[in-house]
Amino acid sequence: MLVALIAGEAGAVDQPVVGAQWDDALIDLYRAQRLPLLRLAVLLTDDPGAAEDVVQDAFVALQRRWHAVDPAAAAGYLRTSVVNGVRTLYRRSGVARRHLHRVSPEDVPSADLAVLLSEEQREVIEALRTLPRRQREVLVLRYWSELSEAEIAAALDVARGTVKSSASRGLASLQKKLGDRRVR
Amino acid sequence: MSDDLERRLRDSLRAYAELVDAPDSTAPPTRASAQPAPLRRWRGAVLAAAAVAAVITGSVWFVDGHEADTAGSAASDVSATAGGPDNDAGAAAEAQDGTMAAPDEALSVPASPVVGVAYPFDLYTHCGIRGAELGGVWFAVDPPLVEGAGNPPAGWGNQYQRGAVTLLTADEAVFRDDAGHEVVLLADGSARPAPCD
């Protein structure tokens, strides 16, 4: 939960820091974490352009409240921001579709990086894409980010039991889908 | 679950991730920070509308002239219930359909809202769904949901819609209500719209 990561007034949304600067520690964090976060966002969205926006927004949000964030917890804060940003992205596109009923340039999918994978890897990624959003998030955080159940629960703001059941169902679905494809 | 499946999943995720190149630039991102609103015109309009309704309905209530204090007092009622993400069910359940004219006291968020907490909230809709002030920062709906010459879309209350608002990050929030509406709000530094008639 983000609240636990914030030093000082827990979880408060601070006023924007007008003229706030990127100090060295934040720049170092940016250089170290940008690529892993970008990869995480791509694994969750399949859209490098949208992933870049989500990661940029996460860093901008962190920068705005950098003075109130425990630097040791900043990487977790960023990871949670990226996961939430991806959810917001999907939610926003769903809301826009419901209200506007028109196709925007954002709706056009970008090039699919997965075409560059081997056939076996591509099968796995395509099967992963068919899973419900939470199952996919849990599996990506577990098997790519290598987070523990507790860390995933914190990142997704869900109970550990939810993480466990989502992982179990996600793996079972993958097993079935990949098995089915081999049979064909 | 088979170790083979887990191995395949790890390998595939790793290979997929490694297709994402290192960005060219190592410069940190920049974006205009959401500025604190210099004026409190919007909140003034909300309070004025509520005051008019109070006069019409014969109810009496008091508004402190200092806007920050007003926000604080309205928020304190809400923050007392704001123990976690689950708290929206209770307070927001007061309005079953979420539609309303002007409440005696519009629900707002505390001056320092907590990320992840759902606050019961009266979204001002009179001019269309344009945004909300959360913790002193204007969060805009992009694009605004406006019907005709400045009304909320069909199915929304007017002048307010009761629901719950949750900060997803420091500059993103979502409003949801029991009617199924869901609106994303972004603190993007845009100018707060002027009050409408």
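Parameters at a glance
Residues numbered from 1 in each chain as written. Chains lettered and ligands numbered in written order. Predicted model: local features only at pLDDT ≥ 70, side-chain atom pairs only at ≥ 80, totals over all residues. Helix = DSSP H or I, 4+ residues; strand = E, 2+ residues; numbered from the N terminus. Buried ≥ 20, exposed ≤ 12 C-beta atoms within 10 Å, placed from the backbone. Contact = placed C-beta atoms within 7 Å. pLDDT = per-residue confidence, 0-100. Expected span 1.5 Å × (residues − 1). Pairing = 2+ DSSP bridges. Axes fitted to C-alpha atoms, helices over the stretch in contact; angles between N-to-C directions. Parallel < 35°, antiparallel > 145°, perpendicular 65-115°, else oblique. Left-handed = near helix turned anticlockwise from the far one by under 90°. Core = buried A, V, L, I, M, F, W, Y, C linked by C-beta atoms within 7 Å. Domains from an automatic or database assignment. Nonpolar A, V, L, I, M, F, W, Y, C, P; charged D, E, K, R; others polar.

### A short note on the overall build of chain A
Here is step 1 of the chain: When its secondary structure is counted, chain A shows 7 helices and 0 strands.
Here is step 2 of the chain: Listing each helix as α and each strand as β along chain A from the N terminus yields α-α-α-α-α-α-α.
Here is step 3 of the chain: In chain A, which comprises 184 residues, the proportion classed as buried is 39%.
Here is step 4 of the chain: Summarising the internal contacts of chain A: among those between residues at least 6 apart in sequence, 65% fall at separations of at least 24.

### Focus: the overall build of chain B
Here is step 1 of the chain: For chain B, the count of helices and strands is 4 helices and 7 strands.
Here is step 2 of the chain: Listing the helices and strands of chain B from first to last along the sequence gives α-α-α-α-β-β-β-β-β-β-β.
Here is step 3 of the chain: Within chain B, the proportion of its 197 residues that are buried is 42%.
Here is step 4 of the chain: Long-range pairs, those at least 24 residues apart, make up 67% of the contacts in chain B with a sequence separation of at least 6.

### Things to note about the environment of Asn84(A)
Here is step 1 of the chain: You can see Asn84(A) is positioned in helix H3 (residues 74-100).
Here is step 2 of the chain: The exposure class assigned to Asn84(A) is buried, which follows from the 25 C-beta atoms found within 10 Å.
Here is step 3 of the chain: The sequence separation of Asn84(A) and Ala58(A) amounts to 26 residues, and the corresponding C-alpha distance is 9.3 Å.
Here is step 4 of the chain: Non-local contacts of Asn84(A), meaning those with residues more than four positions away in its chain, are made with Leu168(B) and Thr169(B).

### Remarks on the confidence of the model for chain A
All names here are of chain A.
Here is step 1 of the chain: Of the residues in chain A, 74% reach a pLDDT of 70 or more, and the chain-wide mean stands at 77.
Here is step 2 of the chain: Summarising per-element confidence for chain A, the mean pLDDT is lowest in H3 (76) and highest in helix H5 (residues 133-143) (94).
Here is step 3 of the chain: Below a pLDDT of 50 lies the segment residues 1-20, which in the model reaches 50 contacts outside its immediate sequence neighbourhood of four places, other chains included.

### Remarks on helix H2 (residues 48-64) of chain A
Residues and elements named next belong to chain A.
Here is step 1 of the chain: A rise of 1.5 Å per residue sets the reference length of H2, with its 17 residues, at 24 Å; its end C-alpha atoms lie 24 Å apart and thus fit the reference within 8%.
Here is step 2 of the chain: The element H2 is largely enclosed, with a buried count of 12 among its 17 residues.
Here is step 3 of the chain: When H2 is considered as a whole, its buried residues turn out to be Ala50, Ala51, Val54, Val55, Asp57, Ala58, Phe59, Val60, Ala61, Leu62, Gln63 and Arg64.

### A few points about the confidence of the model for chain B
All names here are of chain B.
Here is step 1 of the chain: Per-residue confidence for chain B averages 65 on the pLDDT scale, and 52% of its residues sit at or above 70.
Here is step 2 of the chain: Within chain B, the lowest mean pLDDT, 33, falls on helix H3 (residues 67-79), and the highest, 92, falls on helix H1 (residues 3-18).
Here is step 3 of the chain: Predicted confidence for residues 31-97 stays below pLDDT 50, and this span has 97 contacts to residues more than four positions away or in other chains.
Here is step 4 of the chain: In the predicted complex, the global pTM is 0.49; the interface-specific ipTM is 0.77.

### Details of the environment of Ser108(B)
Here is step 1 of the chain: Among the structural elements, Ser108(B) can be located in the loop between strand E1 (99-100) and strand E2 (118-124).
Here is step 2 of the chain: As for Ser108(B) and Leu134(B), which are separated by 26 residues in sequence, their C-alpha atoms are 7.6 Å apart.

### What to know about the pairing of strand E4 (residues 137-145) of chain B
When a strand is regular, its side chains alternate between the sheet's two faces.
Here is step 1 of the chain: Relative to E4(B), strand E3 (residues 129-134) of chain B runs antiparallel, the two sharing 5 bridges. Looking at the pairing, Ala132(B) lines up with Phe139(B) of E4(B).

### Some details on the packing of H5(A) against helix H6 (residues 149-156) of chain A
Residues and elements named next belong to chain A.
Here is step 1 of the chain: Viewed as axis vectors pointing N to C, H5 and H6 meet at an angle of 135°, and their least axial separation amounts to 10 Å. When the interaxial angle is binned, H5 and H6 end up oblique. For H5 against H6, the interelement crossing comes out right-handed. From H5, Glu137, Val138, Leu141 and Arg142 reach across to H6, where they touch Ile152, Ala155 and Leu156.

### Some words on unusual backbone geometry
Excluding glycine, most residues fall at negative phi; most peptide bonds, likewise, are trans.
Residue and element names in this part refer to chain A.
Here is step 1 of the chain: Not every positive phi belongs to a glycine, and Glu146 is a case in point at roughly 60°.
Here is step 2 of the chain: Phi angles above zero are rare outside glycine, and Asp157 is one such case at about 60°.
Here is step 3 of the chain: Among the structural elements, Asp157 can be located in the loop between H6 and helix H7 (160-183).
Here is step 4 of the chain: A residue is classified by how many C-beta atoms lie within 10 Å of it, and Asp157, with 17 of them, is partly exposed.

### With respect to the nonpolar core
Here is step 1 of the chain: Residues Ala41(A), Val82(A), Phe139(B) and Leu185(B) are the most contacted members of the largest nonpolar core, which totals 84 residues.
Here is step 2 of the chain: Mapped onto the domain boundaries, this core takes at least three residues apiece from domain 1 (1-109) and domain 2 (112-184) of chain A.
Here is step 3 of the chain: Other than its neighbours up to four places away in sequence, Val82(A) contacts Leu37(A), Leu40(A), Ala41(A), Val54(A), Val55(A) and Ala58(A).

### Re the packing of H5(A) against H1(B)
Here is step 1 of the chain: Running from amino to carboxyl end, H5(A) crosses H1(B) at an angle of 85°, the nearest separation of the two axes being 10 Å. It follows that H5(A) is roughly perpendicular to H1(B) by the angle criterion. Contacts between H5(A) and H1(B) involve Leu139(A), Val140(A) and Tyr143(A) from the first element and Glu6(B), Leu9(B), Arg10(B) and Leu13(B) from the second.
Here is step 2 of the chain: Tallied by class, residues from the contact of H5(A) with H1(B) come to 5 nonpolar, no polar and 2 charged.

### Notes on the pairing of E2(B)
Residues and elements named next belong to chain B.
Here is step 1 of the chain: Most of E2 sits out of view: 7 of its 7 residues are buried.
Here is step 2 of the chain: Of the two faces of E2, the one carrying Ala118, Pro120, Asp122 and Tyr124 and the one carrying Tyr119, Phe121 and Leu123 are both buried.
Here is step 3 of the chain: Pairing analysis gives 7 bridges linking E2 to strand E5 (residues 160-169), with the strands arranged antiparallel. Bridge pairing links Phe121 to Gly163 in E5.

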